[in-house]
Amino acid sequence: MTDETLARLQFATTAGFHWLFVMLTLGLAPLIAVMHTRHALRGTPLLERMTRFWGQIYVVNYVLGVVTGLVMEFQFGLAWSGLAEYAGNVFGAPLALETIVAFFAESTFLGMWIFGWGKLPKAVHVTLIWLVTLTAYASAYWIMVANGFLQHPVGHEVRGGVAYLTDFGALLTNPNAINALVHAATAALMTGGVFVAGVSSYHFLKRTAEREFFRASLRLGLFVATPAAFVALYYGFVQIPTLVDTQPMKAATLQGHIDDLGSLRVEDVQAHLVQRFGAGDYRPPAWIATAFDVMQDAGYLIFLLVVVALVLLHRDWYLRFRPAAYLMLVAVPLPFVAALGGWLLREVGRQPWAVYGELTAAAARSPVGSMTASLVLFCGVFLALAVADVALIVRYARRGPAGTDLGGASGDGQPERPASSLAL
Amino acid sequence: MTFGLVWPALLGLLLAGYFGLAGFDYGVQMLTPCLGRDDRERRALLNAFGPFFLGNEVWLVAAAGVLFGAFPFLEGRLLSGMYFPFAAILAGIVVGNAAVQLRSRHRGASARRLWDGLIFLGGLVPAVGWGLVTGRLLAGVPLDARNVFSIGPADLLHPFVLLCGATTTAVFLAHGAAFLAWRTGGEPGARAARAGCRALLVAAVAAAAVLVTGFLSSARHALVNPWSALATGAALVVVLLTGAALLRAGRTGRAFAATSCAAALPVVALGAGLHPFALVTSGTPGAGLRLAEAMAEAGTLRILTVFAAVMVPLMVLSQVWNWWMFRDRAGRTRTYL
């Protein structure tokens, strides 16, 4: 493997692990915020237990999102220093703003939320989880602005081989960022909803005692997942015309052609790009078309499943019809598979460019030697931690609400603390 | 331009905040396996930093963001040039951060012991690593004509650089001990105070050795302002000795204030020693990458300044609020970690 391949592999591994966990973080946060708000308004013990149970899973999942995110933040400078040299004036700004506008607050407030049970006034505690949710999505926005610039560089001019920011507004409203953000954010919401519905279905199948608890969870999960899946699919298609305009090669690789007649094929686009950018191979690997198909098919399947499940909520048919619960359980991994397909398509499909049309990945690479050692180190650490983390998530999910640690009570299955522990 | 003042100051503030806050995390992480005799005690020690833990580490993320946004022409050079130590520090932080948060999610004793080992390692590696990086930056790096450099593990085996690593390790250890002495009561708190006194004396000796080696070795020639760096180093020794005296006298809160200053002083030493440079050449004195050359263009900085003017005070306020809400000594808050 070439050094460039190793560097790209290290980035892909970091980003891949990061997004798999962050997607569930983004998906669960609003659901938990809704549960916590309803609990604060009505004060029912069921809603408090729901908040703590799903919150526990959320917090365990958050760990991996944060640690991989930290490495992501440094990955640009470590392995792709050419990116800062060329586009630092433009690309660095959204990344800086992500940290100071969003992520700093998200982490601070989440720490307070975790330890705030029974300590903070109810209104403050609920406000914290909403702030965590809000800043998480704000983070996603700034990251997509940065990524959107790599996909379709706007709002800048190049002087003396260095990019200068000329139109901040164009950077913030880059269609390649906004449409992808809506797509990814709704896919995350869908993931959260399907996850909650899937775990709930597990408890129906096991006939655990927590029927009412998981019935309420299932309903909330499906009410969020169904519209989210629809919007995610819709905003997948919305991106295609932009793709044809801004990255014709990626579009041609996916569809075989980029015009309605089918006459502009990959070879034609290649010839056109050679004319525009000079000699070179501008074709991404053909397997990105497979990645696209996997994402699309998984998306359709999830949409179908959640719509059927939503219909079955009528008169609690869902709880009596066991195949539905089995299907929902099987559906839990699907959004993650779809998301990996989507990111492979987006990132590998952009090759050979780091900044589309302006800076190749080869030119962006840091002048460091082989990254084999650090690749093995980071892959090993991430894999081991991810396995440990997922095992814990599965354990908490299976134990049910009686085995939740968050909130301090019932560490060993004692009865829950009364809701009064949250009183003002 | 005032940008030349504001942005280095903000980067310094974020880095100093990171050293001062995550510094005691790393200290507590290194101390927990030794000071906590059983699982209950170890949990009590970890939960002392519980509500602040997520908020402490994030200062590093903010510093990295500002480094990229405001100093893009330093970011790539610095991180890729010091690829090896930064990769090691990051891996250490990743492991330690996950271990702290996942440790008590397991109920088995052997799983918790394994995580305890990783908690220790995750405190030690960044504590040593940041000292090595600070030392190497002070002693200069082998910059080429394009101000690009690359160092390997061997470049860290310089006596001055190694002593810097030993100093930050002892300082963070003492900082964690002072934090525990201040925030936890009972026997573990008393043990932390005793450990803190010893660590502070070791740190003072190490810091003094850094000063002596710095002036005897080639490190001095790279520094732009050797006297400011010397003054900062001397201040570090004084602050460490003061901290030891306060801790011995049982003034744990003030001792923690002293160790907080001590933990942040390496960042001050970098700024004081290198200004107006960001990177200096180890070979030729008075040459290197100037901060002004490392910064983003004025248009970008103007936009960032508007956001920072609003957000940075809010960021600091959010953490002040966090400390205020959880100002009670540990034990009054739910145990989670």
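Model, not experiment: these values are computed from the prediction. (Residues numbered from 1 in each chain as written. Chains lettered and ligands numbered in written order. Predicted model: local features only at pLDDT ≥ 70, side-chain atom pairs only at ≥ 80, totals over all residues.)

Peer 1: Can you walk me through the overall build of chain A in this structure?
Peer 2: Helix and strand counts for chain A come out as 15 helices and four strands. Relative to the compact-globule value of 22 Å for 424 residues, chain A shows a C-alpha radius of gyration of 23 Å, a close match. With the C-alpha coordinates aligned to their principal axes, the bounding extent of chain A is approximately 70 × 45 × 40 Å. Per-residue burial over chain A gives 56% buried out of 424 residues. Restricting the contact set of chain A to residue pairs at least 6 apart, pairs at least 24 apart contribute 78%. (Helix = DSSP H or I, 4+ residues; strand = E, 2+ residues; numbered from the N terminus. Rg over C-alpha atoms; globule rule 2.2 N^0.38 Å. Buried ≥ 20, exposed ≤ 12 C-beta atoms within 10 Å, placed from the backbone. Contact = placed C-beta atoms within 7 Å.)

Peer 1: Help me out: how do you make sense of the packing of helix 1 (residues 3-35) of chain B against helix 13 (residues 298-325) of chain B in this one?
Peer 2: Geometry of a packed helix pair, given as the angle between the helix axes and the separation of the axes. Residue and element names in this part refer to chain B. The contact between helix 1 and helix 13 brings their axes to 11 Å, and the two run at 50 degrees. By the angle class used here, helix 1 and helix 13 are oblique. Relative to helix 13, helix 1 is oriented so that their crossing is left-handed. Across from Phe3, Val6, Trp7 and Leu10 in helix 1, the residues of helix 13 making contact are Ala298, Leu301, Thr305, Ala308 and Val312. The class makeup of the residues in the contact of helix 1 with helix 13 is eight nonpolar, one polar and no charged. (Axes fitted to C-alpha atoms, helices over the stretch in contact; angles between N-to-C directions. Parallel < 35°, antiparallel > 145°, perpendicular 65-115°, else oblique. Left-handed = near helix turned anticlockwise from the far one by under 90°. Nonpolar A, V, L, I, M, F, W, Y, C, P; charged D, E, K, R; others polar.)

Peer 1: Help me understand the interface of chain B and chain A, please; the structure alone is not making it clear to me.
Peer 2: Note: interface size is frequently given as the accessible area lost on complex formation between the parts. Contact with chain B, which involves 58 residues of that partner, is made by 60 residues of chain A. When residues of the side of chain B that touches chain A are traced back to their parent elements, those giving at least two are helix 3 (50-70), helix 4 (72-81), helix 5 (83-102) and helix 13 of chain B. Looking at which element gives the most residues to the side of chain B that touches chain A, the answer is helix 3 of chain B, with 15 residues. Here the side of chain B that touches chain A is built from residues that sort into 37 nonpolar, 16 polar and five charged.

Peer 1: Mind showing me how you'd approach the nonpolar core here?
Peer 2: Taken as a class, soluble globular proteins show a tendency for nonpolar side chains to be buried jointly. Membership of the largest hydrophobic core comes to 286 residues, with the highest contact counts inside it found for Trp54(A), Ala63(B), Ala70(B), Val94(B), Ala177(B), Ala203(B) and Leu240(B). Of the residues forming this core, the biggest block, 22 residues, is contributed by helix 3 (residues 81-115) of chain A. (Core = buried A, V, L, I, M, F, W, Y, C linked by C-beta atoms within 7 Å.)

Peer 1: Help me understand the confidence of the model for chain B in this model?
Peer 2: The predicted structure's coordinates, where accompanied by low pLDDT, should not be read in detail. Within chain B, residue pLDDT values average 94, and 99% of them lie at 70 or more. For this predicted complex, the interface confidence score (ipTM) comes to 0.95, while the overall pTM stands at 0.94. (pLDDT = per-residue confidence, 0-100.)

Peer 1: Got a minute to help me understand the pairing of strand 2 (residues 162-165) of chain A in this structure?
Peer 2: The alternating pattern of strand 2 of chain A places Ala163(A) and Leu165(A) on a buried face and Val162(A) and Tyr164(A) on a face that is not buried. Between strand 1 (residues 156-159) of chain A and strand 2 of chain A, which pair antiparallel and follow one another directly, the connecting turn spans two residues, one of which, Gly160(A), has a positive phi of 60 degrees. (Pairing = 2+ DSSP bridges.)

Peer 1: Is there a simple way to think about the packing of helix 1 (residues 3-42) of chain A against helix 6 (residues 175-205) of chain A in this case?
Peer 2: Residue and element names in this part refer to chain A. Orientation of helix 1 relative to helix 6, taken along the N-to-C sense of each, is 70 degrees, at an axis distance of 7 Å. Here helix 1 is positioned roughly perpendicular relative to helix 6, judged by the angle of their axes. Residue-level inspection shows Met23, Leu24, Leu26, Gly27, Leu28, Pro30 and Leu31 of helix 1 in contact with helix 6, the latter providing Ala185, Ala188, Leu189, Thr191, Gly192, Gly193, Phe195 and Val196. Grouping the amino acids of the contact of helix 1 with helix 6 by side-chain chemistry returns eleven nonpolar, four polar and no charged.

Peer 1: What should I look at first to understand unusual backbone geometry in this one?
Peer 2: Here the residue pair Gln351(A) and Pro352(A) is connected by a cis peptide bond, since its omega of 10 degrees sits within 30 degrees of zero. Tracing the sequence through the fold places Pro352(A) in the loop between helix 13 (334-348) and strand 3 (353-355). Across the junction of His275(B) and Pro276(B), the peptide omega takes the value 5 degrees, indicating a cis bond. Following the sequence through the fold, Pro276(B) ends up in the loop between helix 11 (252-274) and strand 1 (277-280). At Arg315(A), a position not held by glycine, the phi torsion is positive, near 55 degrees. With respect to the helices and strands, Arg315(A) occurs in the loop between helix 10 (288-312) and helix 11 (317-320). By C-beta crowding, Arg315(A) is classed as exposed, having 8 other C-beta atoms within 10 Å.

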